[in-house]
Amino acid sequence: MPNIRPISDLRNNSNEISEFCKTTCEPVFITKNGVGDMVVLSIEMYERQQAQLDLYGKLAEAEAEVASGAQGVDFFGFAKKLRADVHGRV
């Protein structure tokens, strides 16, 4: 069930809201005059969501390339080259 709080709680109970977001990894929905106004997230969850969006964007780009007929690279050959590059530098 979503945690919905009035905007006055953001001012009066910011530490409590912060702790809730960090411990539950859930957002807090803030209302203003009874209408949704903003969402508060822990920085960890925000960064995780941004990374997922970035990944989804890259996957969509790759799918578009494949759909347009772009030639892919053999995974096993690429992985072998990558391992050789990494082990050569370590």
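The structure displayed is predicted, hence computed values, not measured ones.

**Observations concerning the pattern of salt bridges**
Scanning the model with the defined rule gives five salt bridges in all. Between R5 and D9 there is a salt bridge, with its nearest N and O atoms 2.8 Å apart. Assessed through its relative accessible area of 11%, R5 is described here as buried. Among the ionic pairs, D54 bridges to K58, the shortest N-O distance being 3.4 Å. Residue D54 and its partner K58 are both found in helix α3 (residues 43-67); the two are separated by four residues, about one turn of the helix. For D54, a relative accessible area of 44% translates into the label partly exposed. What emerges from the salt-bridge pattern is a single network uniting R5, D9 and E16.

**Points about the state of the cysteines**
Chemically, a disulfide is nothing more than a covalent bond linking the sulfur atoms of two cysteines. Enumeration according to the criterion identifies zero disulfides in this entry. With no disulfide partner, C25 has as its closest neighbouring cysteine sulfur the one in C21, 9.4 Å distant. What makes C25 partly exposed here is its relative accessible area of 31%.

Cut-offs applied
Along each chain, the written sequence defines residue order, and numbers are assigned to residues from 1. Where totals are concerned, whole chains, interfaces and linings use all residues; where local detail is concerned, this predicted model gives features only for residues with pLDDT of at least 70, and gives and counts side-chain atom pairs only at 80 or more. Side-chain measures were taken over the full set of non-hydrogen atoms in the model, leaving aside hydrogen atoms and water. Any Lys or Arg side-chain nitrogen located within 4 Å of an Asp or Glu carboxyl oxygen qualifies as a salt bridge. Summary of the burial criterion: residues with accessible area below 20% of their type's maximum are buried, those above 50% are exposed, and those between are partly exposed, where the area comes from a 1.4 Å probe applied to protein chains only. For helices the rule is a DSSP run of H or I covering at least 4 residues; for strands it is a run of E covering at least 2, with both sets numbered from the N terminus onward. In plain terms, two cysteine sulfur atoms within 2.5 Å form what is called a disulfide here.

So, to be careful, I would describe these as geometric facts and stop short of saying anything about function.
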